[in-house]
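Fold and contact review
If you want the building blocks of each chain, they are given just below.
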Amino acid sequence: MDSWYFPRLELADKYFKILELGISSNIAIIAPRRKGKTLFVLQDVSTLARKRNFIPVYASLWQNINAPHEGLILALEEAIAAMDKKISINRLLKTKIKKTSLGNELIGKVEVEFADNPQKPSNKDLILLDQLLSKLQEKAKNKTIILMIDEVQHLATSPHFNSLTHALRTMLDKRLGKVKAIFIGSSRHFMSLLFNESQSPFYHFVEMVPFPDLGEGFLDFIAVNLQERHNIAVSQKSLAQAFAAVDQSPYWMMKVVSHMVTFAGSLKESLGFVLQLIEAAEGFDSIKKKMKPIDYIVFDALSSEKSPFSKELLDKIERETKIRGIYSNVQRSLRRLIEQNLISQVEKGKYRIEKPGFKRYLTEQEHI
Ligand SMILES: Nc1ncnc2c1ncn2[C@@H]1O[C@H](COP(=O)(O)OP(=O)(O)O)[C@@H](O)[C@H]1O
Ligand SMILES: [Mg+2]
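Residues numbered from 1 in each chain as written. Chains lettered and ligands numbered in written order. Predicted model: local features only at pLDDT ≥ 70, side-chain atom pairs only at ≥ 80, totals over all residues. Heavy atoms only, no water.

**Notes on the site of ligand 1**
Taken together, the neighbourhood of ligand 1 is formed by 17 residues, with F6, R34, K37, T38 and L39 sitting nearest. Protein chains shield 92% of the accessible area of ligand 1, which is 560 Å² for the free molecule. Elements that contribute at least two residues to the shell around ligand 1 include exactly α2 (37–51), α4 (89–104) and α10 (250–263). Classifying every residue of the shell around ligand 1 gives nine nonpolar, four polar and four charged. Taken domain by domain, the makeup of the shell around ligand 1 includes at least three residues from each of domain 1 (2–209) and domain 2 (216–281). (Near = heavy atom within 4 Å. Areas by Shrake-Rupley, 256 points an atom, 1.4 Å probe, with all protein chains shown as cover. Helix = DSSP H or I, 4+ residues; strand = E, 2+ residues; numbered from the N terminus. Nonpolar A, V, L, I, M, F, W, Y, C, P; charged D, E, K, R; others polar. Domains from an automatic or database assignment.)

Here it is as structure tokens:
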């Protein structure tokens, strides 16, 4: 369903204003997985970049999950090669768009999100990185390079990646804004470690910009396409309900749409099918097995934006689990939830849910 992309050029335009007005040369966007970040930078940011005399270079730090520097090196080498052969950067981006769709089928499980054998880049690698960027700058002549670095939270997941983080900062700082960067990440917890901790090399380095959920425009776009291409009529309201049920994820929404088109099912049937798919894809069952009874209670409180330390909740823990309803037990539970990437701590005492759909799953399983 390649042609089903709903563009968001106004949002991309906002980002360029920040970069071009010199408010900041480095911006970061954070949103949970499957919200459309990668496609947005590959499609909309890249489209505008080219119109505005920028050269977009996309790198994913997950290219090699154990050696994130490799993704950067490869991206720069590819961009240089593309310019040498004068084949369009456009083609390069198209290949990446295809890869994104394939990659999306695999993510979600904890096992593929963390390095199992993290490797420190050698000094040679880091020097190469800097040289490649200089080389690309030369070739770019009067154009400005914009690096789009995806899965950047990965840098904060292992101390082995610290030297790369340092090198990246230095590499960009010393170019005094001549090379721009957009960092894209998905875990608020790790992004916050990366950007808000005073000992991190990325501290005070980027401007966080909002990446809003898709909304009515996207749903209109789906309704019109379903009608015009497939003669399927659905009301705005039921589309909005389905979109809410998949936690505003365009990935799952498009799965609903594609199921409707392929099987000529009703919206309700297709949604039911996709909700099952979400459970399997996110490995909810295995996540659930790792949780302790207190974790359900704490997770539930956070899902409803309640404090996990309230007297009411501590009492509930005391009553309904075998452990004591005390602060330290809640703290341990929070740590477990963070480690599983179920929640993130955004600031002191403030948490956000990272696994949309999980609460619904637990509710259905009558755990909470
Ligand atoms: N603007 C959009 N219009 C239509 N579908 C979209 C849009 N953005 C994302 N999608 C769908 O969602 C999927 C996930 O998008 P992706 O950019 O990979 O998310 P993220 O990087 O946030 O995990 C895409 O493969 C595509 O099917
Ligand atoms: Mg992505």
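**Quick notes on the nonpolar core**
Generally speaking, soluble globular proteins have nonpolar side chains that are buried together. Formed by 64 residues in total, the largest nonpolar core has its most connected members in V57, L147, V152, L155, F183, F195 and F202. Sorting elements by how many residues they give to this core places helix α3 (residues 68–85) first, with seven residues. Ignoring any residue separated from it by four or fewer positions in sequence, one finds V152 in contact with L61, F183, I184, G185, M191, L194, F195 and F202. If you look at the next biggest cluster of nonpolar residues, it comprises 49 residues, including I297, L302, L334 and Y351. (Core = buried A, V, L, I, M, F, W, Y, C linked by side-chain atoms within 4.5 Å. Buried < 20%, exposed > 50% of the residue type's maximum accessible area, 1.4 Å probe, protein only. Contact = heavy atoms within 4.5 Å.)

**Section: the pairing of strand β7 (residues 350–353)**
Both strand β6 (residues 343–347) and β7 contribute to a ladder of four bridges, which runs antiparallel. When the bridges of β7 are listed, Q345 appears paired with Y351. Hairpin connection, β6 to β7: the antiparallel pair is bridged by two residues, and G349 has positive phi, about 75 degrees. (Pairing = 2+ DSSP bridges.)

**As for helix α6 (residues 162–173)**
The terminal C-alpha atoms of α6 lie 16 Å apart, and with twelve residues this matches the ideal 16 Å at 1.5 Å per residue to within 8%. Every buried residue belonging to α6 is among L164, T165, A167, L168, M171 and L172, and all of these are buried. All buried residues of α6 project into a common sector of 165 degrees when viewed along the axis, lining one side. (Expected span 1.5 Å × (residues − 1). Arc of directions from axis to C-beta.)

**A word on the packing of α3 against helix α5 (residues 123–140)**
Relative orientation of the contacting elements α3 and α5 amounts to 25 degrees, with a least axis distance of 10 Å. By the criterion of interaxial angle, the relationship of α3 to α5 is roughly parallel. Along this stretch, α3 crosses α5, giving a crossing that reads as left-handed. Mapping the contact onto sequence places H69, L72, I73, L76, E77, A79, I80, M83 and D84 in α3 and D125, L128, L129, L132, L133, K135, L136, K139 and A140 in α5. (Axes fitted to C-alpha atoms, helices over the stretch in contact; angles between N-to-C directions. Parallel < 35°, antiparallel > 145°, perpendicular 65-115°, else oblique. Left-handed = near helix turned anticlockwise from the far one by under 90°.)

**Observations concerning the pattern of salt bridges**
Pairing between side chains of opposite charge can happen when the charged atoms of each approach one another. Under the criterion given, the structure shown has 20 salt bridges. For R52, the salt bridge identified is with E20, shortest N-O distance 2.7 Å. Of the two residues, R52 is situated in the loop between α2 and β2 (54–60) and E20 in helix α1 (residues 9–20); the sequence distance between them amounts to 32 residues. By relative accessible area, which is 26% here, R52 ends up partly exposed. Accessibility expressed as a relative area gives 40% for E20, which makes it partly exposed. Between D173 and R169 there is a salt bridge, with the nearest N and O atoms lying 2.8 Å from each other. Linking D173 with R169, this pair stays in helix α6, spanning four residues, or about one helical turn. (Salt bridge = Lys/Arg side-chain N within 4 Å of Asp/Glu carboxyl O.)

**A look at the packing of helix α8 (residues 216–230) against α10**
Running from N to C, α8 and α10 point in directions that differ by 15 degrees, and their axes come no closer than 12 Å. One element, α8, and the other, α10, form an angle in the roughly parallel class. Once α8 is placed against α10, the crossing between them reads as right-handed. Across the interface between the two elements, F218, L219, I222, L226 and H230 of α8 pack against P250, M253, M254, V257, M260 and V261 of α10. The residue inventory of the contact of α8 with α10, partitioned by class, reads ten nonpolar, one polar and no charged.

**A short note on the packing of aromatic side chains**
Under the definition given, this model contains 19 aromatic pairs. Plain terms: the ring middles of Y15 and F40 are 5.7 Å apart, the flat faces sit at 85 degrees to each other, and that makes the pair edge-to-face. With a gap of 25 residues between them, Y15 in helix α1 and F40 in helix α2 connect regions that are remote in the sequence. Considered together, Y15 and F40 belong to a single accessibility category, that of buried residues. Each ring, one from F114 and one from F190, has its centre 5.8 Å from the other, and the planes form 65 degrees; the classification is edge-to-face. (Phe/Tyr/Trp six-rings, centres within 6.5 Å; stacked < 30°, edge-to-face > 60°.)

**Some thoughts on helix α14 (residues 311–320)**
Restricting attention to buried positions, one finds in α14 the residues L313, L314 and I317. Viewed end-on, α14 has its buried residues packed into an arc of 100 degrees, placing them on one side of the element. Pointing more than 90 degrees away from the buried face of α14 are the exposed residues K311, E312 and R319. Contacts from the buried residues of α14 go to α13 (293–303) and α15 (327–339).

Any functional reading would require information beyond the geometric quantities listed.
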